[in-house]
Amino acid sequence: MFENLEIFRMANGLARHSATRQEVIARNVANADTPKYRAKDVQSFVEAFDHAQTSRQTFKATRAGHITPHEVGLNWIAEIDTPEEASPNGNTVSLEAEMMKSSETRHQHELALSVYRSSMTILRMSIGRS
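The following paragraphs examine the structure supplied in this document.

1. Observations concerning the overall build of the protein
- Within the protein, the regular secondary structure consists of 4 helices and 2 strands.
- Listing every helix and strand of the protein by position from the N terminus yields α-β-α-α-β-α.
- Here the protein holds 130 residues, and 30% of them are scored as buried.
- Pairs at least 24 residues apart make up 78% of the contacts formed inside the protein by residues separated by at least 6 positions.
- When the accessible surface of the protein is split by element, carbon and sulfur atoms take 58% of a total near 8800 Å².

Encoded structure:
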């Protein structure tokens with residue numbers, strides 16, 4: 001019932017996006033010394049969310065077997081190359097940039113959890129369970 005509330009779906013999407021981005025960042029750091037490795041990143045949450053909203057408006061289910069708007073979801077899994085300067089061995093990973101991205105991603109994840117907790121508190125108060 002509560003999973004249909006937009007605020008919970010958005011908080012869930014932001015938390016999943018943060019987890020996916022952290023995985024990509026960890027892979028970049030792990031390959032920091034790999035020759036010719038191209039640093040990757042994922043689409044920003046805002047861009048992915050806007051794309052998902054547009055996709056939801058274009059899909060229409062005419063019968064039960066068709067795709068529903070909830071199945072469209074957010075698509076940030078596609079990794080993109082980062083425009084970093086290559087080192088002499090062709091590697092584009094900048095550990096400083098990855099640390100900054102990691103910190104930003106941690107902040108986004110904490111924001112998602114904070115929104116979820118606040119929303120749960122509001123729901124509990126509205127049904128009389130504080």
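2. Concerning the pattern of salt bridges
- Within this structure, the stated rule accounts for 6 salt bridges.
- Measuring nitrogen to oxygen at the nearest pair gives 3.0 Å for the salt bridge that ties Arg 9 to Glu 6. One end of the pair is Arg 9 and the other is Glu 6, both in helix 1 (residues 6-30) and 3 residues apart, which spans about a single turn.
- By relative accessible area, Arg 9 is classed as partly exposed at 21%.
- One salt bridge in this structure joins Asp 41 and Arg 21, with 2.9 Å as the shortest N-O distance. With Asp 41 in strand 1 (residues 40-42) and Arg 21 in helix 1, this residue pair connects regions lying 20 residues apart in the sequence.

3. A word on the nonpolar core
- Counting residues in each nonpolar core, the largest one holds 5 residues, listed as Leu 14, Ala 15, Phe 45, Phe 49 and Ala 112.
- For this core, the secondary-structure elements that each account for two or more residues are helix 1 and helix 2 (45-58).
- In contact with Ala 112, not counting residues within four places along its chain, are Ala 11, Leu 14 and Ala 15.

4. Examining helix 1
- Between its first and last C-alpha, helix 1 extends 36 Å over 25 residues, near the 36 Å set by a 1.5 Å rise per residue.
- Within helix 1, the full set of buried residues consists of Phe 8, Ala 11, Gly 13, Leu 14, Ala 15, His 17, Ser 18, Thr 20, Arg 21, Val 24, Ile 25 and Asn 28.

5. Examining the packing of aromatic side chains
- On inspection of all chains with the given rule, the structure shows 1 aromatic pair.
- Geometrically, the ring pair formed by Phe 8 and Tyr 116 is edge-to-face, given 5.3 Å between the ring centres and 75° between the ring planes. With Phe 8 in helix 1 and Tyr 116 in helix 4 (residues 95-126), this pair connects stretches of sequence that are 108 residues apart.
- For Phe 8, a relative accessible area of 7% corresponds to the buried category.
- For Tyr 116, a relative accessible area of 41% translates into the label partly exposed.

6. Thoughts on unusual backbone geometry
- At Lys 36, a position not held by glycine, the phi torsion is positive, near 65°.
- Judged by its relative accessible area of 68%, Lys 36 is exposed.

Cut-offs used in this document
- Residues numbered from 1 in each chain as written.
- Predicted model: local features only at pLDDT ≥ 70, side-chain atom pairs only at ≥ 80, totals over all residues.
- Heavy atoms only, no water.
- Helix = DSSP H or I, 4+ residues; strand = E, 2+ residues; numbered from the N terminus.
- Buried < 20%, exposed > 50% of the residue type's maximum accessible area, 1.4 Å probe, protein only.
- Contact = heavy atoms within 4.5 Å.
- Areas by Shrake-Rupley, 256 points an atom, 1.4 Å probe, with all protein chains shown as cover.
- Salt bridge = Lys/Arg side-chain N within 4 Å of Asp/Glu carboxyl O.
- Core = buried A, V, L, I, M, F, W, Y, C linked by side-chain atoms within 4.5 Å.
- Expected span 1.5 Å × (residues − 1).
- Phe/Tyr/Trp six-rings, centres within 6.5 Å; stacked < 30°, edge-to-face > 60°.

Without other data, these values stay purely geometric and don't point to any function.
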